[in-house]
Structures are given as structure tokens and as C-alpha cells.
Amino acid sequence: MIVLTSNNDTTSSVRSCPRPLGLVPTMGALHEGHLALVRRARKENTSVAASIFVNPTQFGPEEDLATYPRDMDRDLALLESEGVDLVYAPTPEEVYPPGFDTRVDPGGMGQRLEGAARPGHFRGVATVVTKLLSVIKPERAYFGQKDGQQLAVIRQLERDLNLGVEIVAVPTVRDSDGLALSSRNAYLTPEQRRAAPVIYRALTQARQLWDEGERDAAVLRAAAHALLKAEPLLEEIDYVSVADADTLEEMGRIEGPAMVSTAARLGSTRLIDNVLLG
Ligand code: AMP
């Protein structure tokens, strides 16, 4: 497994990788959710590249950039054991050298939900993903359904800018109690960790209503909200959304495929999750 930190070395190394090449972008602190993306990429491509980069431009000034978990040695050992061919792990200065002055702005899709709660977040995501795709030039790139809005933003980015990359979505990997795996789960106290599965239970409750034939999005939102509200350790619920799965616009009646999503805070840890309908 080759580990590279510079853009130029990475671009020339991937040129000699047998194609197709699959890319798995990550911020490190790898868990089974990330590894599901790597395994899928390994299955579908001749070569696999992963990137490890905690992207400063997608964090707000009050967010956890400084404390975000980092463990490069462990991450590299995991990626090597999964048969990854190349890891691109640049420094912030390599990605954003002095004079860097271009942003990729996702527009309306990036303003809603997570975009409203985290202004500028998806501009940071879209900019770094564009850059990663330009440096590595994969045929396919793998993203988790766990970050459902990110996936929708990246699909739109790929379409709008004709990036010519197949965007592959991988289902959310969960712990046995339903909590979606996330690097940020490491911040939870044991008590908060015990309470956290309420997030998935609330989403599942909405999906169950839909399974039973309910098509009024407001009823689903209210049911999920009530369950979240009943958990005293959940200090803040940013949103409970039932949105069109492609555009992420809030729905009135649920007519096509939808995404039920929520963001809530346990102490200072903000967790997001979603389930798909149809
Ligand atoms: P991150 O390191 O958090 O930026 O995540 C890197 C990639 O892994 C993103 O495409 C995430 O959506 C994906 N991912 C993170 N957690 C999970 C999970 N529990 N299941 C599936 N994919 C995940």
C-alpha cells in the first residue's frame, strides 16, 4: 500500500494503477462504516484508493475541528488489511496552499437541513470532494448513506459539473442497538451512548407509520419528534425532516422516495442519522 501526501505524487501514482479505480474519501478515525465503503470499492474495482483528510473548511468556527479524533497509524493498518492500494493523506497546506481562492458552492441543496445548521459546511465538502476527484481521477467514488444530504449534494455536484465519476451509495452500518456508527460516537459518555439509539428508534417509528400507509409527512415528523423529545439526555433537536430523497425539499404528502432525517445533540455531541422510504 502506497501512502502519499502530495497532490503531484498522488496524481502520478494513480496513473499507474490498473483501472477501474474506486476512491473512498474519509476523515479518518475509521470504523466498520468506513470499511463497508472500502470493501464495496474493493469488490467493484481493480484498484482502490482511500483518502484521509480532516477537512478544515467543512467545520464551523465553533465546531470540533481541533478535537476531531485522529489515529493515522491505526487507520493505515486497517486500510492495508482491507487491500487498499493507495492512501492519499495530505496536509491542510497541500490541499489549500497559500493563494487558494476557489470554492464550489452547492446552491439550494446545500442550504437546507445540515446546511442551515452548519453554514458553509457543504461548500467545504463540495470543494474538497471536487479537489479529491481531480487529484485521484477515479472511475467510482463511494459515499455512505449515513450522511444522506452529503450524498445528495455530491450527486448533484457530479451531475452539474459533469465530473464523469460514478457516485456509489453504501447503506448505513449500525451497532446492534441501531446507533449509526460515527467517528463522533467516541465523544459520548457511557450514559449518553445508552441514550443515543433513540435517534434510530425515532426514524424507525416514522418509517413504520409509512409502512402502515401513512402519507402525511407532518404525522411522521411529529411521531419521530415526540420520541426524541421524550429522551431527557437529548438536549437539542435541530430538525426532523421528511424530504424528497433527490431534492431534499420538505414534503407535504409523501408521494415518491423520501428521506427521513434528524440531527440532535447529546451534550456537546451532535449526531445525525436518516432512513429512506421507498
Ligand atoms: P467521514 O470520515 O465521517 O467523513 O465519513 C467518510 C465516509 O464514510 C462518508 O461517505 C460517510 O458517509 C461514510 N460513513 C460514515 N459512517 C458510516 C456508517 N455508519 N455507515 C456507512 N457509511 C458511513
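Criteria and cut-off values
For every chain, the first residue of its written sequence is number 1, and the numbers climb from 1 along that sequence. In view of the model being predicted, local features appear only for residues whose pLDDT reaches at least 70, and side-chain atom pairs are presented and counted only at 80 or more, with totals across whole chains, interfaces and linings using the full set of residues. Based on all heavy atoms of the structure, the side-chain values leave hydrogens and waters out of the count. To define a nonpolar core, start from buried Ala, Val, Leu, Ile, Met, Phe, Trp, Tyr and Cys residues and group those joined through side-chain atoms within 4.5 Å. Here's how the labels work: a residue is buried when its accessible area is under 20% of the maximum for its type, exposed when over 50%, partly exposed in between, all with a 1.4 Å probe on protein chains only. Each helix corresponds to a stretch of at least 4 residues labelled H or I by DSSP, and each strand to a stretch of at least 2 residues labelled E; elements are numbered beginning at the N terminus. Throughout, a residue-residue contact means that at least one pair of heavy atoms, one from each residue, lies within 4.5 Å. To obtain each axis, a line is fitted to C-alpha atoms, and for helices this fit is confined to the stretch in contact; angles are then taken between N-to-C directions over 0 to 180 degrees. If an angle is under 35 degrees, it is roughly parallel; if it is over 145, roughly antiparallel; if it lies from 65 to 115, roughly perpendicular; otherwise it is oblique. Throughout this entry, Asp, Glu, Lys and Arg are counted as charged residues, while Ala, Val, Leu, Ile, Met, Phe, Trp, Tyr, Cys and Pro are counted as nonpolar. The remaining residues, Gly among them, count as polar. Each reported salt bridge corresponds to a side-chain nitrogen of Lys or Arg within 4 Å of a carboxyl oxygen of Asp or Glu. Strand pairing is defined by DSSP finding a minimum of two bridges between the two strands.

What about the nonpolar core?
Core analysis: the biggest nonpolar cluster contains 33 residues, and Tyr88, Val128, Val129, Ile136, Phe143 and Ile167 have the highest contact counts within it. Among the secondary structure elements, those contributing two or more residues to this core are β2 (21-26), β4 (86-88), α6 (121-136), β5 (140-144) and α7 (148-160). Counting residues per element, this core draws most heavily on α6, at 9 residues. Ignoring any residue separated from it by four or fewer positions in sequence, one finds Val129 in contact with Phe143, Ile154 and Leu157. Ala195, Ala258, Ala264 and Leu271 belong to the second-largest nonpolar core, a separate cluster that totals 26 residues.

Quick notes on the packing of helix α1 (residues 7-15) against α6
As a packed pair, α1 and α6 sit with axes 8 Å apart at the nearest point and diverge in direction by 50 degrees. In terms of their interaxial angle, α1 and α6 are classed as oblique. Residues Asn7, Thr10, Thr11 and Val14 of α1 touch α6, and the partners they reach there are Lys131, Val135 and Ile136. A breakdown of the residues in the contact of α1 with α6 according to their chemical character gives 3 nonpolar, 3 polar and 1 charged.

Considering the pattern of salt bridges
Side chains that differ in charge, positive against negative, can pair when their charged atoms come close. This structure, assessed with the given rule, holds 17 salt bridges. Between Arg39 and Glu82 there is a salt bridge, and its shortest N-O distance comes to 2.8 Å. On the criterion of sequence distance, the pair formed by Arg39 in helix α2 (residues 32-44) and Glu82 in the loop between α3 (72-81) and β4 is long-range, its members being 43 residues apart. Owing to a relative accessible area of 36%, Arg39 belongs among the partly exposed residues under this scheme. The class of Glu82 is buried, set by a relative accessible area of 17%. The residue Arg174 makes a salt bridge to Asp273 at a minimum N-O spacing of 2.8 Å. Here Arg174, found in the loop between β6 (166-170) and α8 (190-195), pairs with Asp273, found in strand β9 (residues 269-277); they are 99 residues apart in sequence, far enough to count as distant. Judged by relative accessible area, Asp273 falls into the buried class, the value being 4%.

Concerning the sheet that holds strand β7 (residues 234-244)
Strand order in this open sheet of 3 strands is β7-β8-β9, and the pairing throughout is antiparallel. Of all the strands in the sheet, the pair left with one neighbour each is β7 and β9. Going across the sheet, the axis of each strand differs from the next one's by a mean of 15 degrees, ignoring polarity. Where helix α9 (residues 198-211) meets the sheet, it contacts β7, β8 (258-266) and β9, and its direction lies at approximately 20 degrees from that of β9.

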